[in-house]
Structure formats: C-alpha cells, structure tokens
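Report on the structure
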Amino acid sequence: MTTPLSDLTQMPDPQVVMSADGFRIATYSWGHDSDPTVVLVHGFASSTRDNWVNTGWVRDLQRAGFRVLALDQRGHGQSDKPLEPRDYELSVLARDIENVLDTYLVDSASYVGYSLGARVGWEVAQDLQDRLTKVVLGGVPDGVPLARLDLDQVRALVDHGTPVTDKVTMNYLQLMERVAGNDVRALLAIAGGMRASGAADPDPAHAPAQEILFATGSLDAIIEGSRALAAAAPRGRFVEIPGRHHFNAPGSRDFRRLALEFLTEE
C-alpha cells in the first residue's frame, strides 16, 4: 500500500527556542531521544519543510534509525524575521545552532547543512568539535555567502518595482518567491549581514577537524571552491551531486544516498 504524500511530508508543530538576543527560533524534532541525532540546517530562502521534509531527507534519516532535529534559521520559515543586517552576522547564526543543541540537551550529533546552512556549519563544526561527530556540507560557498546576489537590484525591485536584470539575482528571487512566507526584506538583511561579517569567507587554514563530506552539484558554479575547502579539511572528502545546480541539489536522491552512507559508516 502506497503511503500518501501528505503523510510523508507532515510537519510536527514547531517548538520555539529563544535565541541569545531574544528572537524566536522554530525547531522540529522527529524520532526518539535515545537514537543518534542528526541536525539539519537549511539554505538561504528555504526552510526545514522545503529543504528537508518535502525532499525526503527526514523520512530517509528516520528510516536509517536517526533522531532528526531541525530548525528554521532566523529570517526563514516559522522563525522570527528581524530586518537589521547585524542580526544575521555569521557568528549570530552559528550561536543559534549551539543554543538549539543546548536547549534540546544534545551532547553529540551529526550535522547536515546546505548552502547557507553549510557555511554556518563550517563555523559550528569548529566551535563544537567535541559535540559534532560527522558533518555534511552541501553546496558550501568558498567566499562570502550570497555574494552573487545584486542587493541594489533587489532593493530597487522592493522599493520601486524596478525589474531585475541580473540573471543570478533573478534565480535567487525565484527561490525567494517559491517558498511561502518568505519576506524579501528579511532575506535582504541576511545577505547584508553575511557581507558585514568579518569572517564570512571560510578560512582553509582553520578547517574543522571532524570527518566532513563536502557535496556540491556538478553544475554548480561554486564547485571548485567547495572542492578546495574539502582538500583543506584534515578529514574531508568531496563528492559531486550528478546533474544538479545550486538551487536543486537538495532534492537529489544521489545526495541523500551519499550523505546517508557517510553518516552510517563505522
């Protein structure tokens, strides 16, 4: 008997965790506390539902025996959406992850992040080397996250309705519009906060020491940068996600399979 799609993509009610600076972070949990935990952190303009539930990640991780803990990063999903760039500096986003782990009393976990979630994961893996045992960084940028987004064109669109002409920025806008509840002003603030962060570029000289699987779409413009970060990580390995670009890689069955094989290795 086939399971209805609505059952496979059902979301639990969000549990609110307060950030250190007073914002509500929506979190979600599946499975049993006694099972090994995997933390899922989505990308820019996405959400837990969009990145991980609708694509089958939560389903497959549960079937593999994991407890799944996920969050909507601030500015996304059911979490608060402040409009000041300073509220989205990289260290702030990383601190949100640590705060969620502390609130759920998680002492040891694996981490899976995509795009912005992967860039935050690079930071969190360094900060929590004794707590994050294995790390999957999908589509991790080797430079400033969202650097290819033309902020001026997006502001002109929001303020005056001026059409966007930059192709990459148009792709980002389509991504923003695809997920219900996105606030373009908050997403602009995220991009601004990333650029204001003093440590927005991953430093290959200070790569996390854990086992890390770097996975990037074969059609993604950032693939060589991701490959270089994998080479810099002491226990890093790199895999290509066949036939995928930056915006559709999370839905790849190959990506899920490769990540699950890595996470379940002895």
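Residues numbered from 1 in each chain as written. Predicted model: local features only at pLDDT ≥ 70, side-chain atom pairs only at ≥ 80, totals over all residues. Heavy atoms only, no water.

An unreviewed UniProt entry lists the protein under the name Alpha/beta hydrolase, with Labedella gwakjiensis as the source organism.

1. Concerning the sheet that holds strand E3 (residues 37-41)
One open sheet accounts for eight strands, arranged E1-E2-E4-E3-E5-E6-E7-E8; its pairing is mixed. Taken across any chain shown, the strands that pair with only one partner, and hence form the sheet edges, are strand E1 (15-18) and strand E8 (236-241). Averaged over all pairs of adjacent strands, the angle between strand axes in this sheet comes to 20°, irrespective of strand direction. Two strands pair when backbone bridges link them, and E3 and strand E5 (residues 109-114) are joined in this way by five bridges, in the parallel orientation. Bridge pairing in E5 links valine 39 to tyrosine 111. Seen against the sheet, helix H10 (residues 253-264) touches E3, E5, strand E6 (132-138), strand E7 (211-217) and E8 and runs at an angle of roughly 165° to E6. (Pairing = 2+ DSSP bridges. Helix = DSSP H or I, 4+ residues; strand = E, 2+ residues; numbered from the N terminus. Axes fitted to C-alpha atoms, helices over the stretch in contact; angles between N-to-C directions. Contact = heavy atoms within 4.5 Å.)

2. As for the pairing of E5
With respect to burial, E5 is a largely interior element, six of its six residues being buried. Residue alternation in E5 divides its side chains into two sets, Ala109, Tyr111 and Gly113 and Ser110, Val112 and Tyr114, and both sets are buried. Bridge count between E5 and E6: five bridges; the pairing is parallel. Of the residues in E6, the one forming a bridge with alanine 109 is leucine 132. Read as a crossover between parallel neighbours, the route from E5 over helix H5 (residues 116-127) to E6 is right-handed. (Buried < 20%, exposed > 50% of the residue type's maximum accessible area, 1.4 Å probe, protein only. Right-handed = clockwise from strand over helix to strand, strands pointing away.)

3. Re the nonpolar core
Core analysis: the largest hydrophobic core is formed by 52 residues, its most contacted members being Phe44, Val120, Leu137 and Phe214. Of all the elements, helix H8 (residues 184-196) adds the most residues to this core, at seven residues. Other than its neighbours up to four places away in sequence, phenylalanine 214 contacts Trp122, Leu137, Val140, Ser226, Leu229, Ala230, Ala233, Gly236, Arg237, Phe238 and Val239. Val53, Phe66, Val112 and Val136 belong to the second largest nonpolar core, which has 28 residues in total. (Core = buried A, V, L, I, M, F, W, Y, C linked by side-chain atoms within 4.5 Å.)

4. Description of helix H9 (residues 223-232)
Taken together, the buried positions of H9 are Ile223, Gly225, Ser226, Leu229 and Ala230. Taken down its axis, H9 places every buried residue within 165° of arc, on the same side. Check the buried side of H9 and you find it contacts H5, E7 and E8. (Arc of directions from axis to C-beta.)

5. Things to note about the pattern of salt bridges
Two side chains with opposite charge may pair up if their charged atoms get near one another. For the structure shown, the criterion picks out 19 salt bridges. Note that aspartate 102 and arginine 131 form a salt bridge whose closest N and O atoms lie 2.8 Å from each other. With a gap of 29 residues between them, aspartate 102 in helix H4 (residues 90-103) and arginine 131 in the loop between H5 and E6 connect regions that are remote in the sequence. On the basis of relative accessible area, arginine 131 is assigned to the buried category, the value being 14%. Within this structure, Glu211, Arg235, Arg237 and Glu265 form a network of salt bridges that share partners. (Salt bridge = Lys/Arg side-chain N within 4 Å of Asp/Glu carboxyl O.)

6. Description of the side chain of serine 115
Along the chain, the position of serine 115 falls in the loop between E5 and H5. A relative accessible area of 11% means that serine 115 is categorised as buried. Those residues in contact with serine 115 that lie beyond four places of it in its chain are Gly43, Gly138, Gly139, Pro141 and His246.

7. Thoughts on the environment of valine 124
With respect to the helices and strands, the residue valine 124 is situated in helix H5. In this structure valine 124 comes out as buried when scored by relative accessible area, which is 1%. Considered as a pair, valine 124 and valine 168 are 44 residues apart in the sequence and their alpha carbons are 28 Å apart. Apart from residues no more than four positions distant in its own chain, valine 124 is found in contact with Ala94, Ile97 and Leu132.

8. Some words on the packing of aromatic side chains
By the definition in use, this model includes seven aromatic pairs. The interplanar angle of 75° and the centroid separation of 5.9 Å between the aromatic rings of phenylalanine 44 and tyrosine 172 together place this pair among those described as edge-to-face. Here phenylalanine 44, found in the loop between E3 and helix H2 (48-53), pairs with tyrosine 172, found in helix H7 (residues 167-178); they are 128 residues apart in sequence, far enough to count as distant. By relative accessible area, phenylalanine 44 is classed as buried at 4%. The exposure class of tyrosine 172 is buried, given its relative accessible area of 5%. The structure contains a cluster of three or more aromatic residues connected by ring pairs, namely Trp52, Trp57, Tyr114 and Phe255. (Phe/Tyr/Trp six-rings, centres within 6.5 Å; stacked < 30°, edge-to-face > 60°.)

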